[in-house]
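A structural walkthrough
Listed below, chain by chain, are the residues.
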Amino acid sequence: QVQLVESGGGLVQAGDSLRLSCAVSGRTFSRYAMGWFRQAPGKERYFVASISWNGTREKYEDAVRRRFTVSRDDAKNVLDIHMSSMKPEDTAVYYCVADEHLYGLGYNLQRFGSWGQGTQVTVSS
């Protein structure tokens, strides 16, 4: 069973940058698309970004495009997201997610069936 453990959350100021990481174990990491979702207080979970199994395709939610960059290190079984020019509206719990099927592009969000416990990101104005 796949295990996802996020790290790197914290309190930053508007305009700052932050990197979150997700350590993955329990499966062959390099064969699966990965992604990030987030949940703000009182709101549902929303898609943030995804990356295909081989790292050639990326997908971003419009609000974070050109500010966030998702990447993966298959040698270390780690998924990262680098967040820059952060805004107070980026405040949320960020979740690492894994595709349930092999060799996905990360475009079909319904395939993301495995979730980490989340890490809190707070952006002050």
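Residues numbered from 1 in each chain as written. Predicted model: local features only at pLDDT ≥ 70, side-chain atom pairs only at ≥ 80, totals over all residues. Heavy atoms only, no water.

When its volume is computed, the largest pocket comes out at roughly 180 Å³. Lining the largest pocket are R38, Q39, A40, K43, E44, Y46, F47, E61, E89, T91 and A92. Taken together, the elements giving at least two residues each to the lining of the largest pocket come down to β4 (34-39) and β5 (45-51). (1 Å grid on protein atoms, 1.4 Å probe; cavity = no way out; pocket = protein on both sides within 12 Å on 5 of 7 lines; lining within 4 Å. Points joined across faces, edges and corners; volume = space filled by probe spheres on them. Helix = DSSP H or I, 4+ residues; strand = E, 2+ residues; numbered from the N terminus.)

Attention now goes to the packing of aromatic side chains. Overall, the coordinates contain five aromatic pairs when judged by the stated rule. Judged by centre distance (4.8 Å) and plane angle (80 degrees), the ring pair of W53 and Y103 falls under edge-to-face. Of the two residues, W53 is situated in the loop between β5 and β6 (58-60) and Y103 in the loop between β9 (92-99) and β10 (112-115); the sequence distance between them amounts to 50 residues. Residues Y95 and W115 carry aromatic rings whose centres are separated by 5.9 Å and whose planes lie at 70 degrees to one another, so their mutual orientation is edge-to-face. With a gap of 20 residues between them, Y95 in strand β9 and W115 in strand β10 connect regions that are remote in the sequence. Note on Y95: relative accessible area 9%, which makes it buried. Across from the ring centre of Y95, 3.9 Å away, lies the NZ or CZ of R45, which sits over that ring. The ring of W115 is capped by R45, whose NZ or CZ atom sits 4.8 Å from the centre of that ring. (Phe/Tyr/Trp six-rings, centres within 6.5 Å; stacked < 30°, edge-to-face > 60°. Buried < 20%, exposed > 50% of the residue type's maximum accessible area, 1.4 Å probe, protein only. Lys NZ or Arg CZ within 6 Å of the ring centre and 35° of its normal.)

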